[in-house]
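# Structural characterization, general
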Amino acid sequence: MRNHGKITHWNHQKGYGFITPASGDNVFVHIRAFANKDHQPEVDQRVTYALSTDRQGRPCAARVALLGEEVPKRFGRTDQKRYIVGAVAFLASVAISVAAGALPLEVLFLYLGASALSYFLYAWDKDSAR
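All figures in this text were calculated on a predicted structure; none of them were measured in a lab.

### A few points about the pairing of strand E5 (residues 59-66)
Pairing between strand E4 (residues 46-53) and E5: 6 bridges, direction antiparallel. Counted as the bridge partner of Val47 is Leu66 from E5. Between E4 and E5, which pair antiparallel in sequence order, lie 5 residues; one of them, Gly57, sits at a positive phi of approximately 85°.

Given below as structure tokens:
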């Protein structure tokens, strides 16, 4: 069941705010919870949402959409398989180019090293954010 409410506070810089439902306490909402990520929510916009809880067990809004906006059936993260397949295909093309002699071996090592470094920096950043 979808809940209805109005955005009564929104912090554009931090990407979060609060929804005041027709009845009950304010509900926390993060920008990631919105179906349409193309625009920032505004105060006084009416929304529909599903009630959820965060990692600490506090109530929060999920699958938020502006009133009248369609909520996609599949909601949330983009299909990650597509990105993984693309990355593996690119790595394979670099490896094949090195094996064929079109690229020096250093390019493969540079690509692998840069990929590993960016992965670990991203993981460190996410861990710090938590």
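### A look at the side chain of Thr48
Secondary-structure assignment places Thr48 in strand E4. The class of Thr48 is buried, set by a relative accessible area of 9%. Side-chain polar atoms of Thr48 contact the side chain of Arg2, separated by 2.8 Å. Setting aside residues up to four positions removed in sequence, Thr48 forms contacts with Arg2, Asn3, His4, Arg63, Val64, Ala65 and Leu67.

### A word on the packing of aromatic side chains
Throughout the structure, instances matching the rule amount to 5 aromatic pairs. Their ring planes at 90° and their centres at 5.7 Å tell us that Trp10 and Phe34 sit as a pair that is edge-to-face. Taken together, the residues span a long stretch of sequence, with Trp10 in strand E1 (residues 3-11) and Phe34 in the loop between strand E3 (27-30) and E4 at a distance of 24 residues. Given a relative accessible area of 7%, Trp10 falls into the buried group. Judged by relative accessible area, which is 3%, Phe34 ranks as buried. Taking 5.3 Å as the distance between ring centres and 75° as the angle between the ring planes, the aromatic pair formed by Tyr119 and Phe120 counts as edge-to-face. Here Phe120 falls in the exposed class, since its relative accessible area comes to 56%.

Rules used throughout
- Residues numbered from 1 in each chain as written.
- Predicted model: local features only at pLDDT ≥ 70, side-chain atom pairs only at ≥ 80, totals over all residues.
- Heavy atoms only, no water.
- Pairing = 2+ DSSP bridges.
- Helix = DSSP H or I, 4+ residues; strand = E, 2+ residues; numbered from the N terminus.
- Buried < 20%, exposed > 50% of the residue type's maximum accessible area, 1.4 Å probe, protein only.
- Polar contact = N/O pair within 3.5 Å; in protein donor to acceptor, adjacent residues only side chain to side chain.
- Contact = heavy atoms within 4.5 Å.
- Phe/Tyr/Trp six-rings, centres within 6.5 Å; stacked < 30°, edge-to-face > 60°.

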